[in-house]
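# Structural overview
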Amino acid sequence: GPQPTLPTTALATLLAAGELHLPKGDDPYFSDNLAHIPDINVTGASFYTLTWERQMPVEQLSAECREQQTDRAWLRLEGVNYRASRASLGGLPLPTPPPGMFIRHRYEVSAGGLFALTIAPPTHYGGTECGSGACGQGGDHALAQDVTAQVMLGWDWARPIPDRSTGFFGGVQLEVTGSVTIEDAALLTRALSCGCAGCEGCGARAERAALLMVLTLENHAARSVVVELSAVLRESVAGRAATRGELRHSIVLGGHSSRDVRLPLNATDVPLWWPHNAGGLEPTLLNATVQARIGGALSHSEEFRVGVRTAEAYIDNRTGGRAFRVNGQKVFLLGGNWITPDLMLRYSADRTRYCDEVRLHQRAGINLLRVWGGGVSERNPFYECASEMGLFVYQEFWMSGDNNGRWAGSYSWPLDEAAYFANAQDTVRRLRRFAALLFWGGGNELFPRRLSPPVALEEIVHREDPGRFYIASSMDGGIKGGNMSEHDDEYALAPRDGPYTMLMPLSFAQRNPGLHANLTISFQPEVGFTSAPSYRGLLRFMSATEAEQIPERGADSACRAGSATSPVWAFHNYLSWSTANGSGPGQIYDHVYAYGQPANASEWAAAAALASFAQFQALVEGYQAHLFEWYASMSIWKTQTPWPSLRGFLYDWWLEPTGAFYGVQAAASDRVHAQLDRGDWGVRVVNKDVAAALPASSVTAEWFGLDGKRVATETMRAPLVAASSSRAADGAVHWPAALSREAVGFLRLTLRA
């Protein structure tokens, strides 16, 4: 067929070429179209094997590069899923890297001519059917035998992708260099001197910063050379570049050899990088230029942005678990669980899409993104956007308790351990330069320590990214989780995660909402609920007729209630909006139907938006109420969706915010915040500023009916609130007499200086 535009996958190429017929339009995500595409376990691997060919315009590119030597040309691919079964230039074979979705490919194409690359699917592509029928968490689990994204075989919130997303993952670059190249240069912050006697941490700038430059030099020529290495760190001030640090060093590099280089670089008067919403402190980035010269002539140069900051993981005395200090100040981390923009990888080189999604998280008030271990290691544009916007990233490697032994699959997977470690090392080297990268995780919900993950993974992290925190698992607590006696803070973040179903309002006033209050969970990696798009959003991925098949009151997660069933809603992973409110028959509280009986899908979606708003606002406020008392971090499961799902997201696949988004934003987007305690109806004031106390203030409470009219107002005093803490105001709110006890009321709390 026609040559694909990169990045692409085998499935995307076949669809673009009209080779696959979909019964309900051209969008594979519309209705149940995806179910009508033949799965790889039916077609075999050859059907979804992708070949890409392209002439390499080396002479043209060399002519354009007048400022450096141009005797070498390289084609760089940020990722290939799964294996390069053949690569050639001018018909001659080229060496290929180990298999795996997360290792970069570099091919020398200096001779020019036709480059051809054949990409084969994962070796163990697995099946979508189990002995008892359809599968959920990783299908039949077989895909976990390979070094790839386990979610491509399906999860309880995603359908399996028929080709397992075989193809290109990330950007493609053609580059010319001299005989010596710089690989994976980074500047890591080792220590700060802030010039503030008696201060607990730094502010906007540091007097001095001790940095470590790490990189690899490669000599592709036969002769030895003397490499003149230089690095300069600059700050943009009023449109002009001010040098904050630099180094020069000469290295003798033998022919056809490489060397890992680590050199100190001392910077002065540097602005610091902070997560957003920290209290007037910005995620300031500086510009770094690293050059390698031979005999004065430029052989290769790398330019990248640097955030100067320290991050310290520690066990907090009050919360009893994991917490983080940034630049010496403790920071409450409100997180979101991230998968990837698209299961078909169509946005994997789209910086605009990545930035749009990261910006939505920023506007919601989130300052941490957990890139979940059943998915991917994200591409460079994602990390660039997060660094620019002041969001931290917790990046996990590609293992899960669902497929790597804890609950299913095998502890011996992936089978090719050498390929796994090669992918891990390459990922660490690629991402270590980004200010957003807070820490590494070995995988999702792994257990026990002696079996998972492999010890060598931690060794790779400490060797390639010295000083960065690593935690082996997100959750331990025994095989099922929840056992404090089997929790180890040095192995896992939490003894239990979840829950994932809707909760009653009173739950959010309790410790560990939806879980046992006797658990110590300082750092909760995932907790969340169902979600729904707007009515307009529903019509983007189902017909009007299908949309009108709304769930009945109390519908379960197969979208059934009584005799009613909605197959398309179930196909898109509908999750129930109900909570068991007692143990008797019929004691089910449906959070959507609480706003009345919807007459149609539009009314159902509107009520779902209100229910989402209330649920997600209460979740975030419940954790914020006890920041650095019970909790140091909480991450919502999930905050984005890689396909049009009906569970777990703050905005839909087309980036339209939902009620869940506005609920989180209402709770978290402000540095200081007044909120309701759902237990005693008291008011708490939260101060997330990392350094400054909030002076005594007042809180005004206003009640509104469904018609939007204000029916009651009351005011109370609020005391001084220290940095990174919360305190109760002097008073509580009361249900207004103008509203019946069965009515819906809206409460607005306003904090005034």
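In case you missed it, the structure is sitting above this.
As a starting point, this report considers the structure included with it. (Residues numbered from 1 in each chain as written. Predicted model: local features only at pLDDT ≥ 70, side-chain atom pairs only at ≥ 80, totals over all residues. Heavy atoms only, no water.)

### Focus on the overall build of the chain
Short version of the rule: Only runs of H or I of at least four residues qualify as helices and only runs of E of at least two qualify as strands under DSSP, and these elements are numbered from the N terminus. Burial here depends on accessible area, computed with a 1.4 Å probe over protein chains only, as a share of the maximum for the residue type. Under 20% is buried, over 50% is exposed, and the range in between is partly exposed. Here a residue-residue contact requires only that any non-hydrogen atoms of the pair lie within 4.5 Å. For the accessible areas, the method is Shrake-Rupley and the probe is 1.4 Å, while residue cover comes only from the protein chains on display. His residues and chain termini do not enter the charge count, which takes Lys and Arg as positive and Asp and Glu as negative. For the purpose of locating charges, the reference atoms are NZ of Lys, CZ of Arg, CG of Asp and CD of Glu.
Counting its secondary structure elements, the chain contains 12 helices and 38 strands. Projected onto the principal axes, the alpha-carbon positions of the chain cover approximately 90 × 70 × 50 Å. Counting the 753 residues in the chain, one finds 59% classified as buried. Of all intrachain contacts in the chain linking residues separated by at least 6 positions in sequence, the fraction that spans at least 24 positions is 71%. Per element, the accessible surface of the chain, about 28000 Å² overall, is 49% carbon and sulfur. Averaged over its 64 positive side-chain charges, the chain has a centre that lies 5 Å from the centre of its 76 negative ones.

### As for the pattern of salt bridges
So the rule is basically this: Salt bridges are defined by distance alone: a side-chain nitrogen of Lys or Arg within 4 Å of a carboxyl oxygen of Asp or Glu.
A full pass over the atoms with the stated rule returns 43 salt bridges. For arginine 325, the salt bridge identified is with glutamate 312, shortest N-O distance 3.1 Å. A residue pair is termed long-range when its members are at least 10 positions apart, and arginine 325 in strand E20 (residues 322-326) and glutamate 312 in strand E19 (residues 311-315) qualify at 13 residues. The exposure class assigned to glutamate 312 is partly exposed, which follows from its relative accessible area of 37%. The salt bridge involving glutamate 388 is made with arginine 351; its shortest N-O contact spans 2.4 Å. With glutamate 388 in helix H5 (residues 380-389) and arginine 351 in helix H4 (residues 351-364), this residue pair connects regions lying 37 residues apart in the sequence.

### A look at the state of the cysteines
So the rule is basically this: Only a pair of cysteine sulfur atoms within 2.5 Å counts as a disulfide in this structure description.
Applying the stated criterion to the full structure yields 2 disulfides. In this model cysteine 194 forms its disulfide with cysteine 202; the gap between the sulfur atoms is 1.5 Å. Given an S-S torsion of about 60 degrees, the disulfide between cysteine 194 and cysteine 202 has right-handed geometry. We classify cysteine 202 as buried; its relative accessible area is 9%. Between the sulfur atoms of cysteine 355 and its disulfide partner cysteine 385 the distance amounts to 2.1 Å. Judged by the torsion about the S-S bond (-80 degrees), the cysteine 355/cysteine 385 disulfide is left-handed. Taken together, the residues span a long stretch of sequence, with cysteine 355 in helix H4 and cysteine 385 in helix H5 at a distance of 30 residues.

### Remarks on the side chain of histidine 626
Locating histidine 626 in the fold gives a position in the loop between helix H11 (601-624) and strand E32 (633-636). Accessibility expressed as a relative area gives 11% for histidine 626, which makes it buried. Histidine 626 has contacts with Tyr631 and Ser726, leaving out every residue within four places of it along the chain.

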